[in-house]
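Breakdown of the fold
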Amino acid sequence: MPKARKSNPGGYGNGASKAPYTKPSSAAKEAASKAVNNVFKMNTDLGQHILKNPGVAQAIVDKAGLKQSDIVLEVGPGTGNLTVKILEKARKVIAVEMDPRMAAELTKRVQGKPEQKKLEVLLGDVCKTELPYFDVCISNTPYQISSPLVFKLLALSPAPRTCVLMFQREFAMRLVARPGDALYCRLSVNAQMWAKCTHIMKVGKNNFKPPPQVESSVVRLEIKNPRPQISYDEWDGLLRIVFVRKNKTIAAGFKSSAVMGMVEKNYRTWCATTGVPLDDGDVDIDMAAGGDDIGDDEEMEIDEDGVGVVKKVVIKRGSKKNRGKVADLVKSKVEKVLSETELGEKRAGKCDEADFLKLLYELNKEGIHFS
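Predicted model, so just to flag it, every value in this text is computed and none were measured.

1. Describing the environment of Thr198
Relative to the helices and strands, Thr198 is located in strand 7 (residues 195-203). Taking the relative accessible area as the measure of exposure, Thr198 reaches 24% and is therefore partly exposed. For Thr198 and Ala177, which are 21 residues apart along the polypeptide, the C-alpha to C-alpha distance reads 9.8 Å. Here Thr198 is in contact with Val176, Val218, Val219, Arg220 and Glu222, once residues within four sequence places are set aside.

2. What to know about the packing of aromatic side chains
In this structure the tally under the stated criterion is eight aromatic pairs. A ring pair is formed by Tyr184 and Phe243, whose centres lie 6.1 Å apart and whose planes are at 70°; its orientation type is edge-to-face. You can see Tyr184 sitting in the loop between helix 6 (169-176) and helix 7 (186-194) and its partner Phe243 sitting in the loop between helix 8 (232-242) and helix 9 (250-253), a full 59 residues away along the chain. Relative accessible area serves as the criterion here: at 3%, Tyr184 is assigned to the buried category. Ring geometry for Phe243 and Phe356: centres 5.7 Å apart, planes at 50°, overall tilted. Of the two residues, Phe243 sits in the loop between helix 8 and helix 9 while Phe356 sits in helix 12 (residues 353-365), which places them 113 residues apart along the sequence. Of the two residues, Phe243 and Phe356, both sit in the buried class. In textbook terms, an aromatic cluster arises when at least three aromatic residues are bridged by ring pairs, as seen for Tyr184, Trp235, Phe243 and Phe356.

3. Comments concerning the UniProt feature "binding site: S-adenosyl-L-methionine" (unreviewed entry) in the chain
The feature "binding site: S-adenosyl-L-methionine" (unreviewed entry), as annotated in UniProt, sits at His49, Leu51, Gly76, Glu97, Asp125 and Asn140 in this numbering. For Leu51, the location among the structural elements is in strand 1 (residues 50-51). The residues contacting Leu51, other than those within four sequence positions of it, are Val56, Ala57, Ile60, Asn81, Asn140, Met166, Asn207 and Phe208. Here Asn140 is to be found in strand 5 (residues 136-140). By relative accessible area, Asn140 is classed as buried at 12%. Contacts of Asn140, omitting those with residues within four sequence positions, involve His49, Leu51, Val75, Gly76, Leu82, Met166 and Phe208.

About the thresholds
- Residues numbered from 1 in each chain as written.
- Predicted model: local features only at pLDDT ≥ 70, side-chain atom pairs only at ≥ 80, totals over all residues.
- Heavy atoms only, no water.
- Helix = DSSP H or I, 4+ residues; strand = E, 2+ residues; numbered from the N terminus.
- Buried < 20%, exposed > 50% of the residue type's maximum accessible area, 1.4 Å probe, protein only.
- Contact = heavy atoms within 4.5 Å.
- Phe/Tyr/Trp six-rings, centres within 6.5 Å; stacked < 30°, edge-to-face > 60°.
- UniProt positions renumbered as here; feature names shortened; annotations may be inferred.

Here it is as structure tokens:
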């Protein structure tokens, strides 16, 4: 008796594949991908480029040096590819997400799992959100908030122990640039003043979905503890002036009338608050009946000798002559410091942190301030 013909275990007809787990064709994959994207389209205007390479995600978490007791802040978690790896090593993850769809997807991903209790999702803009305490920050950062995020993290008190952040390649290289490098700028000096900045690794654009138009890099920031005892506003104010044209001399930056006007205004404020007298010239007294129209200058009537003799006194505190005296004084002070420190003829792009600290200290001694 002939053997019965074996039926197709997959339940397919003669023209179909006999394997039950046959890989779908490229056309089927493309159709499925389009269907998913139609339901959940990435908003690239918000910097939504999901890190899809699990190896890169694991390397980022490893570089953070997490402890089992750590609370981790993650900025822009997306669908949670990086989040789930952080949850394996940290006590708690606070994820700040701006897109409600992404927040819902992330919550759904851990729902019913032990990790659900370790995850807290904050919906909103991280730059405008009051952040709770955390030990480490890990982020596949939306590139349009790179600079505000860095300086928000650097200004936090208490400061996080470590920040491992993904940025656009050029921005990352600016953070770690040294004096003399082409990308050395105000951002470099500012960030390195408050933290030790280290380049960790490069990440190609094909590791993201959808791929961005630029390459990326991961940087580690280890915030200095204790912090340098200087005013951030003073420090940044000086850097804004000297880096206006980083390849010109520092003295050239102070020749701008707008810069010197700001410095003079700050000097007047400093004199007023510290009780330092300013030579604003003599008060002019107009004895003529009715007097002349002095425009915006202050004008008042006084009974000078108490016998009813009224004279008109015009206080010309804002006259060009008097403004020139203070401006000349401020200019001479700035030129003196630039000459004595020998930094006037140097270029900001070649100066290091010590040079800028020395310049700021000497200018402050002369009453020249930038905030």
